[in-house]
Amino acid sequence: MGDEGLEVRAASEGQLPKLIVFDLDACLWTPEMFELKGEPLSWDEQLGGVRTSHRSRGTDEIVRLFDGALAVMRRFVNDESLKDLSVAVASKTTEEKYAHHCLDQIVVDPAQGTKLGQLVHHREIYYGSKGSKHFPALKKATGFDYGEMLFFDDCTYSDNCGEVASSCPGIVCVRTPHGLTEALFDLGLAAFAAGRHGVVA
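In short, a report on the structure. (Residues numbered from 1 in each chain as written. Predicted model: local features only at pLDDT ≥ 70, side-chain atom pairs only at ≥ 80, totals over all residues. Heavy atoms only, no water.)

1. Observations regarding the pairing of strand E5 (residues 59-65)
Next, step 1: Strand direction decides the pairing type here: strand E2 (residues 29-30) and E5, joined by two bridges, are antiparallel. Bridged to Thr-30 within E5 is Arg-64.
Next, step 2: Two strands pair when backbone bridges link them, and strand E4 (residues 49-56) and E5 are joined in this way by four bridges, in the antiparallel orientation. Across the sheet, residue Val-50 finds its bridge partner in E5, namely Val-63.
Next, step 3: Connecting E4 to the antiparallel partner E5 that follows it, the hairpin turn spans two residues, and Arg-57 within it adopts a positive phi of roughly 55°. (Pairing = 2+ DSSP bridges. Helix = DSSP H or I, 4+ residues; strand = E, 2+ residues; numbered from the N terminus.)

Structure below.
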């Protein structure tokens, strides 16, 4: 059965993860928080992102969701099969304040006024090992086993997926080296439905 068929099976049989966890920097949005030259301020509807206090040569610095990430987040708003799932973020940024602010400012669905932070039920945002810090904290906070979780991370600077898969047996991990896409999101759902675990992409 192909990935597309597995996705349908997941939806029809209810074989969905109870917790979907996303990294932030370079997975959901760009640029990364440590790269910012200014402090994140407010949502700019025309520019489609959070404007910062930095402006250079007439150009604003903007934090934006990747197109694929935006499409996935809108599915959490509009797809009935996903509405009951818990969503978390696990980020080891050194700029915690910036990350929280962007979560609370980014608009996912303008028609309903839904912001990214409203879709996130649990936040683990601090520097440290995701395998030994972030995910044990999520397990404790949610009561979900690792085998009930699906994780997406860009793994640009280190293999967070490999580390989490090794430290938290049973979890399904998907690398998003160029940012989250709908294809990778669906691949993760399909892998979970198929009973796979560890790093699947």
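2. Focus on unusual backbone geometry
Next, step 1: Cis geometry marks the peptide bond from Thr-30 to Pro-31, where omega comes out at -5°.
Next, step 2: Relative to the elements of secondary structure, Pro-31 occurs in the loop between E2 and strand E3 (40-44).
Next, step 3: Within the chain, Ala-26 stands out as a residue other than glycine whose phi angle is a positive 65°.
Next, step 4: Examined against the element boundaries, Ala-26 turns out to sit in the loop between strand E1 (19-22) and E2.
Next, step 5: Of the residues examined, Ala-26 reaches a relative accessible area of 14% and is grouped as buried.
Next, step 6: Phi is positive for Cys-155, close to 60°, though the residue is something other than glycine.
Next, step 7: In this fold, Cys-155 is placed in the loop between strand E10 (149-153) and helix H6 (160-167).
Next, step 8: Exposure remark for Cys-155: the relative accessible area of 15% places this residue in the buried category. (Buried < 20%, exposed > 50% of the residue type's maximum accessible area, 1.4 Å probe, protein only.)

The values reported here are purely geometric and, on their own, carry no functional implication.
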